[in-house]
Amino acid sequence: MLVLACGYAGYHLSERTGIRALAESGERQLELHARAVESEITKYTYLPSLLELEASVGRLLRTPTGYRRQLVNEYLEGLNLRSGSLAVYILDTDGRVVATSNWAQADSYLGEDLSFRAYFKDAMQGQPGRFYGIGSTVGEPGYYLAHGLRDGERLIGVAVVKVKLDALEERWARARLEAYVSDENGIIILSSNPARRLKSLRPLDEATRERLARSLQYHWSALEELQPLSSMTLGAGIEQVSFATTMADYHEPVSYLAQSRALSDTPWRLTLLTPMNDLRREALSHATLAAVACALLAFLLIAWNERRKVIATRLAAREALQHANGELERRIAERTADLRASNERLKRQIRERRQTESNLRKTQDELVQAGKLAVIGQMSTSIAHELNQPLAALRTLSANAVRFLQRGAHDTASANLQAIGDLVDRMGKITASLRAFARRSDDKGEAELEKALDAALFLLHARLQRLDVQIERQIETDAGTRLGIDQTRLEQILVNLVANALDAMGEQPERRLWLNGAASAGQYRLEVRDNGPGISPELRVHLFEPFFTTKPGEQGLGLGLTLSASLAAAAGGSLTVRHPAEGGSAFILCLKRIGA
Ligand code: ADP
């Protein structure tokens, strides 16, 4: 629609400026041709008045005679010939032709009554008679110029010159100019196009028609109206009219720019018709140009808009990206906060674990202590037996010593007292070792293997003797071999292992205990092996579990191996079991060596 509107506007603008240019050039043309018409018309104005000077004319009018008429006739014929007019003739005061230049021709005016002619009437009133009309005699159109002839103050006749104006029409036709001259009645009297001649420019009412018919001004012509297909007033003296073409193979109406101007000295108007078809064609091409330019501009605008949209989309995408980035950063911050929180939680848990671990260690220490006390409890019977034996011996020895002193056998008595002293020493040794075993200990420390082994065997001395155990002791030691474990703890582990071996071998006919120690780089490996019944495969997995025991009643707590293994692990060593093919069980204690 914009393109159409542009085309329309272009057309109108072009047409308007075209019309203006056309009107300007038309104006000049009009002026030029109007001057030409005016000069053509005024060319003869002096001619009728000239006849007043001719004495023969005055004489004829005053006293007409045949001779005088012939004289004037010949004079007029000569004058007509020289001036190039159609006819020159003289009327008397009644309007009759008294002499004429065409006296010799068949259609001579001589004697004709022309009193009805307006030019005669005007001339008789002392005004110059101007008239365009068609001759009543021959029917030839012409311009009549009349002048009243005076004799002193009195009007004695009228001189008339009839001239042809066809030359103008011919000139127009040669110049390919379309023009016409209309008279005071609005009738076209001169036209470059013969078809328009004697056409009326405005509608004539009946009275006018009647009057014109009576005056015979236009002979008998029908005086049809010149009807343009359309007409539009564009300004003062400018009109746009269109006529149907008269050409046979061309039916388009032709538009003209009609410019008219009044001609001086006459009531006539000259109208110039300038064809507008070229202008229309030009306007059409301008309209096309405007439409194309508009379409191009619209296209450019659309392209620009598209580009703007693309940029806007890109910007939006970037914004979205930034937003997403921001969102991501926010999430990361949230996650970081979460992580920090969970880190805190983990740290707290670690603290709690450490706390638990230290609690566990404490509990383990408690357990170690409890285990030791349990061992002591288990051993209480044998300890009581151990102490009862010397006590009974002490009672017998002291009673004997009293009796030997009463008899005076001092040597024997002193020997008894010596034995009593030995027994007391021994009992003191037992209680001391028990106290040492029960003492609390810690993770760190050093132990001497031989000493620990001796102490353990000493603690279990009574049971070893009662069961008549054969001990095979093969301990590979350098002087001062030290192990990385607390002395008491090592003793406790060894007491546990040896006590278990003794328990296992109770039913065996022959009891043998192997104690094998071997040093390797940085480590010491001690194996405690018995020839007991061994451990059945289904029980092996539970061996180191706390409170696992196969011993009846109060004999077993199921803590011995668990504690021993954990003590070994706490010192950086290990306690494992082996099931030898030849029977029995072997427990292997590995510990770090110090100073090796
Ligand atoms: P407890 O001696 O109080 O039963 P332990 O942890 O010392 O607890 O021993 C657990 C179990 O392992 C014992 O009940 C026993 O069945 C078995 N056991 C330990 N040492 C031996 C061994 N040398 N020979 C056979 N069985 C053993």
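Residues numbered from 1 in each chain as written. Predicted model: local features only at pLDDT ≥ 70, side-chain atom pairs only at ≥ 80, totals over all residues. Heavy atoms only, no water.

**Here we look at the sheet that holds strand β8 (residues 230-235)**
Strand order in the open sheet formed by six strands is β7-β6-β11-β10-β9-β8, and the pairing between neighbours is antiparallel. The strands lining the two open edges of the sheet, one partner per strand, are β7 (188-191) and β8. This sheet shows a mean twist of 25° between the axes of neighbouring strands, independent of strand direction. Strand direction decides the pairing type here: β8 and strand β9 (residues 238-243), joined by five bridges, are antiparallel. Across the sheet, the residue bridging to Thr 233 is Glu 239, located in β9. Relative to strand β10 (residues 254-262), helix α1 (residues 2-42) is tilted by about 50°, and along the sheet it contacts β6 (178-182), β8, β9, β10 and β11 (269-275). Relative to the sheet, helix α6 (residues 166-174) contacts β6, β7 and β11, its axis offset from that of β7 by approximately 45°. (Pairing = 2+ DSSP bridges. Helix = DSSP H or I, 4+ residues; strand = E, 2+ residues; numbered from the N terminus. Axes fitted to C-alpha atoms, helices over the stretch in contact; angles between N-to-C directions. Contact = heavy atoms within 4.5 Å.)

**What about a nonpolar patch on the surface?**
Residues Tyr 46, Leu 50 and Leu 53 make up a contiguous nonpolar surface patch of about 320 Å² in total accessible area. You can see Tyr 46 is positioned in helix α2 (residues 46-50). Tyr 46 gets classed as partly exposed once you look at its relative accessible area, which sits at 43%. (Patch = residues over 30% accessible without salt bridge, like charges linked within 9 Å, V, L, I, M, F, W, Y side chains within 5 Å. Areas by Shrake-Rupley, 256 points an atom, 1.4 Å probe, with all protein chains shown as cover. Salt bridge = Lys/Arg side-chain N within 4 Å of Asp/Glu carboxyl O. Buried < 20%, exposed > 50% of the residue type's maximum accessible area, 1.4 Å probe, protein only.)

**Things to note about the environment of Glu 225**
Take Glu 225: it is sitting in the loop between α7 (206-215) and β8. Linking Glu 225 and Pro 194, residues 31 residues apart in sequence, is a C-alpha distance of 14 Å. When sequence neighbours within four positions are dropped, the list of residues in contact with Glu 225 reads Lys 199, Ser 200, Arg 202 and Pro 203.

**Topic: the UniProt feature "coiled-coil region" (unreviewed entry) in the chain**
Per the UniProt record, "coiled-coil region" (unreviewed entry) is annotated on residues 339-366. Secondary structure within residues 339-366 divides into 100% helix and 0% strand; the distance between the first and last C-alpha atoms comes to 39 Å. (UniProt positions renumbered as here; feature names shortened; annotations may be inferred.)

**Concerning the pattern of salt bridges**
With the rule as written, the count across this model stands at 26 salt bridges. Close ionic contact of Arg 489 with Asp 365 constitutes a salt bridge, the shortest N to O distance being 3.3 Å. Within this pair, whereas Arg 489 is found in helix α12 (residues 487-505), its partner Asp 365 is found in helix α8 (residues 277-407), the two being separated by 124 residues in sequence. Between Glu 450 and Arg 473 there is a salt bridge, with its nearest N and O atoms 2.6 Å apart. Placement of the pair is Glu 450 in helix α10 (residues 449-459) and Arg 473 in strand β13 (residues 470-475), with a sequence separation of 23 residues. Given a relative accessible area of 31%, Glu 450 falls into the partly exposed group. Take Arg 473: its relative accessible area is 33%, and that puts it in the partly exposed class. Salt bridges here are not isolated pairs; linked through shared partners, they connect Glu 31, Arg 35, Glu 38 and Arg 261.

**Overview of the sheet that holds strand β5 (residues 154-163)**
Judged by pairing direction, the sheet is antiparallel, and its five strands sit side by side in the order β2-β1-β5-β4-β3 without closing on themselves. Strand pairing shows two members of the sheet lacking a second neighbour, β2 (97-100) and β3 (129-134), which therefore form its edges. Pairs of neighbouring strands in the sheet enclose a mean axial angle of 25°, with direction left out of account. Packed on one face of the sheet, helix α3 (residues 55-62) meets β1 (87-92), β2, β4 (141-151) and β5 and runs near 120° to β5.

**Regarding the packing of α1 against α6**
Direction vectors running N to C along α1 and α6 enclose 155°, while the axes themselves pass 10 Å from each other. It follows that α1 is roughly antiparallel to α6 by the angle criterion. Crossing geometry of α1 relative to α6 is assigned as right-handed. Of the residues in α6, those touching α1 at His 33, Ala 36, Val 37 and Glu 40 are Ala 167, Leu 168, Arg 171 and Trp 172. Looking at the contact of α1 with α6 residue by residue, the class counts come to five nonpolar, one polar and two charged. (Parallel < 35°, antiparallel > 145°, perpendicular 65-115°, else oblique. Left-handed = near helix turned anticlockwise from the far one by under 90°. Nonpolar A, V, L, I, M, F, W, Y, C, P; charged D, E, K, R; others polar.)

**With respect to the site of the ligand**
The local shell around the ligand holds 18 residues, among which Asn 500, Asp 530, Thr 549, Thr 550 and Lys 551 are the closest. Measuring from an oxygen atom of the ligand, one finds a side-chain N or O atom of Thr 549 at 2.6 Å. Between the ligand and Lys 551, the relevant distance is 2.3 Å, taken from an oxygen atom to a side-chain nitrogen or oxygen of the residue. Isolated, the ligand exposes 530 Å² of accessible area, and the fraction of that covered by the protein chains is 92%. Applying the majority rule of atoms within 2 Å of the grid points places the ligand in the largest pocket. Listed by contribution, the elements that provide at least two residues to the shell around the ligand are α12 and α14 (560-570). (Near = heavy atom within 4 Å. Polar contact = N/O pair within 3.5 Å; in protein donor to acceptor, adjacent residues only side chain to side chain. 1 Å grid on protein atoms, 1.4 Å probe; cavity = no way out; pocket = protein on both sides within 12 Å on 5 of 7 lines; lining within 4 Å. Sits in = over half its atoms within 2 Å of the grid points.)

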